Amino acid sequence: MRTPHPTLTAIALALTLSACGGGDGNPVAATPGGGTPPVTTPPVTTPPVTTPPVTTPPATVGNDLAAFAVAWASFQMLEAVQALQLTAGGTGNCGQGGTTAYDAASGKQTLNRCRPNEMPYQLYSGSASVSALSANPAHTQVVAKLTAPALDVLDTDGNVEFKLLGGDISGTMTDNGSDDSYFYASNELLFSAGAASKYTVSGAGSTSTVITFVNGKPERSTNNLVYTVSNGSSSWQVTVMAPVHEAGDNRPDRGQLMITRLGATQALQATLGSNGVTLSGGEQNQTQTYGWTDAALRAAIASATQ
């Protein structure tokens, strides 16, 4: 018997069922699309850089009274140079006590508590080497170069005031009968005072120092003197602006010094008088007046020579 062909209706029905998921086939599950989720980077926050303000410390202001004390102490120390000039090449009594002796063979000058008429307020003990000596028989004209001085400078009671420890001096001394004139130059001189005060004086030169006898007593006038003094921590240039006149033991009655600490912007003017000293200008930019016996001035000088 012949198998009949399916009808068009039956075929259409089968197609409809297949499209609707009917029949025996399992439905295919939908797979969501694969992919890497985006990486979220948090924003980078840079903290502000805080720069502390730059603080410039104020410039160090020197103490003008202390500067004067150093200048005056070193001025007094330098006057020991004149005693060495006066005695160079001489032998005998020193005038008001003590002796001096010159050994021509060794070129050594020795002083033993020498107290010259020209400088009666101090005694000098020690020695120096003398070279390039030229002196007339009367010893009123002396040209000499002095090196390696080792000199104690004492007061008239025999107490050491300060010491000259080394250096060089080249100069001339002329005795005109009524007065003595001293001219000298020095590259370096080393001084000490007390247990702690040490000074280096460099570039010192005096073109006019005169000692004149008035009523039998010596009076010293120092002009055209300039030098630099250092105590190891600070240095000052000292210049004699008006002749410093001394009629007694460390008591000038007139004169003017200009004192400038190296590195400072303003000089200190020290005006000397019989009653004391007036300081003006300087790093403190003040006017200060002190009597020679004032405690503050005496303490400052004592501190500079302790």
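This structure is a prediction, so every number in the text was calculated from the model and none was measured. (Residues numbered from 1 in each chain as written. Predicted model: local features only at pLDDT ≥ 70, side-chain atom pairs only at ≥ 80, totals over all residues. Heavy atoms only, no water.)

A. Broad picture of the pattern of salt bridges. Following the criterion strictly, the structure yields 4 salt bridges and no others. Note that Glu246 and Arg220 form a salt bridge whose closest N and O atoms lie 3.5 Å from each other. With Glu246 in strand β10 (residues 235–246) and Arg220 in strand β9 (residues 217–230), this pair connects stretches of sequence that are 26 residues apart. Arg220 shares its class with Glu246; the two are buried. With a shortest N-O distance of 2.7 Å, Arg261 and Glu283 are connected by a salt bridge. Of this pair, Arg261 sits in strand β11 (residues 252–261) while Glu283 sits in the loop between β13 (276–281) and β14 (288–291), and the two are 22 residues apart along the sequence. For Glu283, a relative accessible area of 23% puts it in the partly exposed group. Three or more residues joined by partner-sharing salt bridges are found here, namely Glu79, Arg220 and Glu246. (Salt bridge = Lys/Arg side-chain N within 4 Å of Asp/Glu carboxyl O. Helix = DSSP H or I, 4+ residues; strand = E, 2+ residues; numbered from the N terminus. Buried < 20%, exposed > 50% of the residue type's maximum accessible area, 1.4 Å probe, protein only.)

B. Up close: the state of the cysteines. Applying the stated criterion to the full structure yields 1 disulfide. Between the sulfur atoms of Cys94 and its disulfide mate Cys114 the distance is 2.0 Å. An S-S torsion of about -115° defines the bridge between Cys94 and Cys114 as left-handed. Here Cys94 is found in the loop between β1 (92–93) and β2 (99–103), whereas its partner Cys114 is found in strand β3 (residues 108–114), with 20 residues between them in sequence. Looking at Cys114, the relative accessible area reads 1%, which means it is buried. (Disulfide = S-S within 2.5 Å.)

C. Spotlight on the packing of aromatic side chains. One pass over the structure, following the stated rule, counts 4 aromatic pairs. Consider the rings of Phe68 and Trp72, whose centres lie 6.5 Å apart with planes at 10°: the pair is stacked. Of this pair, Phe68 and Trp72 both sit in helix α2 (residues 64–78), 4 residues apart, roughly one helical turn. Across the pair, exposure class does not vary: Phe68 and Trp72 are buried alike. Seen in terms of ring centroids, Phe162 and Phe191 are 6.2 Å apart; in terms of plane orientation they differ by 70°. Their pairing is edge-to-face. A residue pair is termed long-range when its members are at least 10 positions apart, and Phe162 in strand β6 (residues 160–175) and Phe191 in strand β7 (residues 179–193) qualify at 29 residues. A residue is classified by how much of its surface remains accessible, and Phe191, at 2% relative accessible area, is buried. (Phe/Tyr/Trp six-rings, centres within 6.5 Å; stacked < 30°, edge-to-face > 60°.)

D. Highlighting the nonpolar core. Membership of the largest hydrophobic core comes to 60 residues, with the highest contact counts inside it found for Phe68, Leu78, Phe191, Tyr227, Leu257, Ile259 and Val277. Top element by residues in this core is α2. It accounts for 10 residues. With near-sequence residues (within four places) excluded, Val277 lies in contact with Phe68, Ala270, Thr271, Leu272, Gln288, Thr289, Tyr290, Trp292 and Leu297. (Core = buried A, V, L, I, M, F, W, Y, C linked by side-chain atoms within 4.5 Å. Contact = heavy atoms within 4.5 Å.)

E. Structural context of unusual backbone geometry. Of note in this structure, Asn215 is not a glycine but carries a positive phi near 55°. One can find Asn215 in the loop between β8 (197–214) and β9. For Asn215, a relative accessible area of 78% corresponds to the exposed category. For Asn285, which is not glycine, the phi torsion reads 50° and is therefore positive. Tracing the backbone shows Asn285 in the loop between β13 and β14. Asn285 gets classed as exposed once you look at its relative accessible area, which sits at 54%.

F. Inspection of the packing of α2 against helix α4 (residues 295–304) at higher detail. At a closest axis distance of 8 Å, the pairing of α2 and α4 adopts a crossing angle of 60°. Between α2 and α4, the interaxial angle falls into the category oblique. When you trace α2 past α4, the crossing you get is right-handed. Facing Leu65, Phe68, Ala69, Val70 and Trp72 of α2, the residues of α4 in contact are Ala296, Leu297, Ala300, Ile301 and Ala304. A class-by-class count of the residues in the contact of α2 with α4 yields 10 nonpolar, no polar and no charged. (Axes fitted to C-alpha atoms, helices over the stretch in contact; angles between N-to-C directions. Parallel < 35°, antiparallel > 145°, perpendicular 65-115°, else oblique. Left-handed = near helix turned anticlockwise from the far one by under 90°. Nonpolar A, V, L, I, M, F, W, Y, C, P; charged D, E, K, R; others polar.)

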